[in-house]
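Residues per chain, in single letters:
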Amino acid sequence: MAVERSGRPAPGTAETGSATATPAPAAGLAASATEAGGTAVVRVLSYNIRSMRDDTAALARVVRACAPDLVLVQEAPRFFRWRKAAERLARAGGLVYVTGGATTAGPMVLATLRAHVERTEDVLLPRTPGLHQRGLATAVLRFAGARLGVVSCHLSLDARERYGQAGLLLERVAGLGVPHAVVGGDLNDRPDGRSFRRIAAELRDGWAAAPWGGEFTSTPHAPRQRIDAVFTTDGVEVLGCGVPHGLPGLRPADLLAASDHLPVLAALRVPAAR
């Protein structure tokens, strides 16, 4: 099941501007920028926020310290008054809502006002009886002269269903109709797992391409596995990707309090559209 909204920017979305004061760029990772010819450096944060059931003030501080242009959320609030909760998170992070949430069974996309939204599509994946519904939040955004396809995903805990979802994810990326795309998500699979490897065979694993910060994303108190990742298509240069430990303004206590996952932050150089 898919719901598409074409050519309609998210409320308040514009080419330039900011909903609130822009956080200072994090040290050690490329800052957002527009380069010669319209090429864009875009900071992408992928984050499983556990339905905002933890410390929401800490969560907002983590997001702001990462200074992202784009946030790919997993486990967004999706029940009673979920839109209000999404709006609160967006405002707290200096962002606007783009798509997803309850309409995708959890994945959601937020962005700064730097992004112009060309189109969005909320996708519900085939469901195995007895297992949770899963979905994809997808969009095509423009940053200066660069067009970027975007997918936020949260794959199944069941290995067989997860492997099928990995294939459907790749089909959706190919179907976005743009040469450059980024995928962020909670894969519920490690790099040596079948589903992770299926995705990494067609998309570039950000951590493997340009490791920066920390590797492991689960669990925050004793991280020992990487089940959250950012992937890109060919042509997108990964300038750095990893768990944002040690960023100015980012307290370790906030990372522990905000969610049961650690976030993945990436800086990407996206070529201008031709």
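Each value, and the rule that gives it
Residues numbered from 1 in each chain as written. Predicted model: local features only at pLDDT ≥ 70, side-chain atom pairs only at ≥ 80, totals over all residues. Heavy atoms only, no water. Helix = DSSP H or I, 4+ residues; strand = E, 2+ residues; numbered from the N terminus. Rg over C-alpha atoms; globule rule 2.2 N^0.38 Å. Buried < 20%, exposed > 50% of the residue type's maximum accessible area, 1.4 Å probe, protein only. Contact = heavy atoms within 4.5 Å. Patch = residues over 30% accessible without salt bridge, like charges linked within 9 Å, V, L, I, M, F, W, Y side chains within 5 Å. Areas by Shrake-Rupley, 256 points an atom, 1.4 Å probe, with all protein chains shown as cover. Salt bridge = Lys/Arg side-chain N within 4 Å of Asp/Glu carboxyl O. Lys, Arg positive; Asp, Glu negative; His and termini not counted. Charge placed at Lys NZ, Arg CZ, Asp CG, Glu CD. Pairing = 2+ DSSP bridges. Right-handed = clockwise from strand over helix to strand, strands pointing away. 1 Å grid on protein atoms, 1.4 Å probe; cavity = no way out; pocket = protein on both sides within 12 Å on 5 of 7 lines; lining within 4 Å. Points joined across faces, edges and corners; volume = space filled by probe spheres on them. Nonpolar A, V, L, I, M, F, W, Y, C, P; charged D, E, K, R; others polar. Core = buried A, V, L, I, M, F, W, Y, C linked by side-chain atoms within 4.5 Å. pLDDT = per-residue confidence, 0-100. Disulfide = S-S within 2.5 Å.

What follows is about the overall build of the protein. Looking only at helices and strands, the protein features six helices and 14 strands. For 274 residues, the compact-globule formula gives about 19 Å, and the C-alpha radius of gyration of the protein, at 17 Å, lands near that figure. Counting only C-alpha atoms, the protein reaches 50 × 40 × 40 Å along its principal axes. Looking at the protein as a whole, 55% of its 274 residues are labelled buried. Across the protein, contacts joining residues at least 24 apart in sequence account for 74% of those joining residues at least 6 apart.

Looking now at a positive patch on the surface. On the surface, a cluster of positive charge is contributed by R81, K84, R88 and R91. Structurally, K84 is set in helix α2 (residues 82–92).

Another point: the pairing of strand β10 (residues 181–186). It is a general feature of regular strands that their side chains alternate between the two faces of the sheet. Of all six residues in β10, six are buried, a share of seventy percent or more. Side chains A181, V183 and G185 of β10 all project onto a buried face; the interleaved residues V182, G184 and D186 project onto the opposite face, where all are buried too. Note: strand β9 (residues 146–154) against β10, six bridges, orientation parallel. Looking across to β10, one finds that V151 is bridged to V183. Crossover β9 to β10 through helix α3 (residues 159–175) is right-handed.

Our next topic: empty space enclosed by the protein. Regions of empty space are outlined by a rolling probe, equal in size to a water molecule, passed over the atoms. Per the counting criterion, the structure on display carries one cavity of 30 Å³ or more. Roughly 40 Å³ of internal volume is contained in the largest cavity. Taken together, D205, W207, E215, T217, R226, D228, A229, V230, C241, G242 and V264 form the lining of the largest cavity. For the lining of the largest cavity, the secondary-structure elements that each account for two or more residues are β12 (228–232) and β13 (237–242). In terms of residue count, β12 provides more of the lining of the largest cavity than any other element does, three residues in total. Classifying every residue of the lining of the largest cavity gives five nonpolar, two polar and four charged.

Here the focus is the nonpolar core. Y47, L59 and L110 are the most contacted members of the largest nonpolar core, which has 32 residues in total. Secondary structure elements with two or more residues in this core: β3 (40–48), α1 (56–66), β4 (70–74), α2, β6 (108–111), α6 (252–258) and β14 (264–270). No other element matches the six residues that α1 contributes to this core. The contacts of Y47, once residues within four sequence positions are left out, are L59, V62, V63, L72, V73, Q74, A258, S259, H261, L262 and P263. Core analysis: the second largest hydrophobic core is formed by 27 residues, A146, A210, V230 and V270 among them.

Below, the discussion takes up the confidence of the model for the protein. Reading fine detail from the predicted coordinates is not recommended where pLDDT is low. Averaged over every residue, the pLDDT of the protein is 91; the share at 70 or more is 90%. Within the protein, the lowest mean pLDDT, 43, falls on strand β1 (residues 2–6), and the highest, 99, falls on β12. Counted against residues more than four places away or in other chains, residues 1–24, with its pLDDT under 50, gives 56 contacts.

All right, on to the state of the cysteines then. Using the criterion set out here, one finds zero disulfides in the structure. With no disulfide of its own, C153 lies 13 Å from the sulfur of C241, the closest cysteine sulfur. With a relative accessible area of 0%, C153 lands in the buried category. Free of any disulfide, C241 has its nearest neighbouring cysteine sulfur in C66, separated by 12 Å.

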